[in-house]
Amino acid sequence: MDEKKLAFILIGLLGIGCIGVLFIAVPWLMGRGFVNWKLNMIDDALIFGVIGTIVYGLYVGTKSHK
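All figures in this text were calculated on a predicted structure; none of them were measured in a lab. (Residues numbered from 1 in each chain as written. Predicted model: local features only at pLDDT ≥ 70, side-chain atom pairs only at ≥ 80, totals over all residues. Heavy atoms only, no water.)

Is there a simple way to explain a nonpolar patch on the surface in this structure?
Together, Leu6, Leu10, Leu13, Ile16, Val50, Ile54 and Leu58 make up an exposed nonpolar region whose accessible area comes to about 610 Å². If you list the elements that add at least two residues to the nonpolar patch, you get helix H1 (3-32) and helix H2 (37-62). Considering each element in turn, the nonpolar patch owes the most residues, 4 residues, to H1. Tracing the backbone shows Ile16 in helix H1. A relative accessible area of 32% means that Ile16 is categorised as partly exposed. (Patch = residues over 30% accessible without salt bridge, like charges linked within 9 Å, V, L, I, M, F, W, Y side chains within 5 Å. Areas by Shrake-Rupley, 256 points an atom, 1.4 Å probe, with all protein chains shown as cover. Salt bridge = Lys/Arg side-chain N within 4 Å of Asp/Glu carboxyl O. Helix = DSSP H or I, 4+ residues; strand = E, 2+ residues; numbered from the N terminus. Buried < 20%, exposed > 50% of the residue type's maximum accessible area, 1.4 Å probe, protein only.)

So, in structure tokens, the structure goes:
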């Protein structure tokens, strides 16, 4: 894998991480708090699982085949 492709993948993963923190973790901590934290963690785990599946799919799709 060349450096340019690796840099794009790393920037993409960092961007997804920042978006995840800004739009998932911060509102969760600010809005819902820890009142019903078990149910909230299950919901957020599903969201993170979907995001992780998408990121893994992008990784597999960009992996070079020899």
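Let's pick the thread back up.
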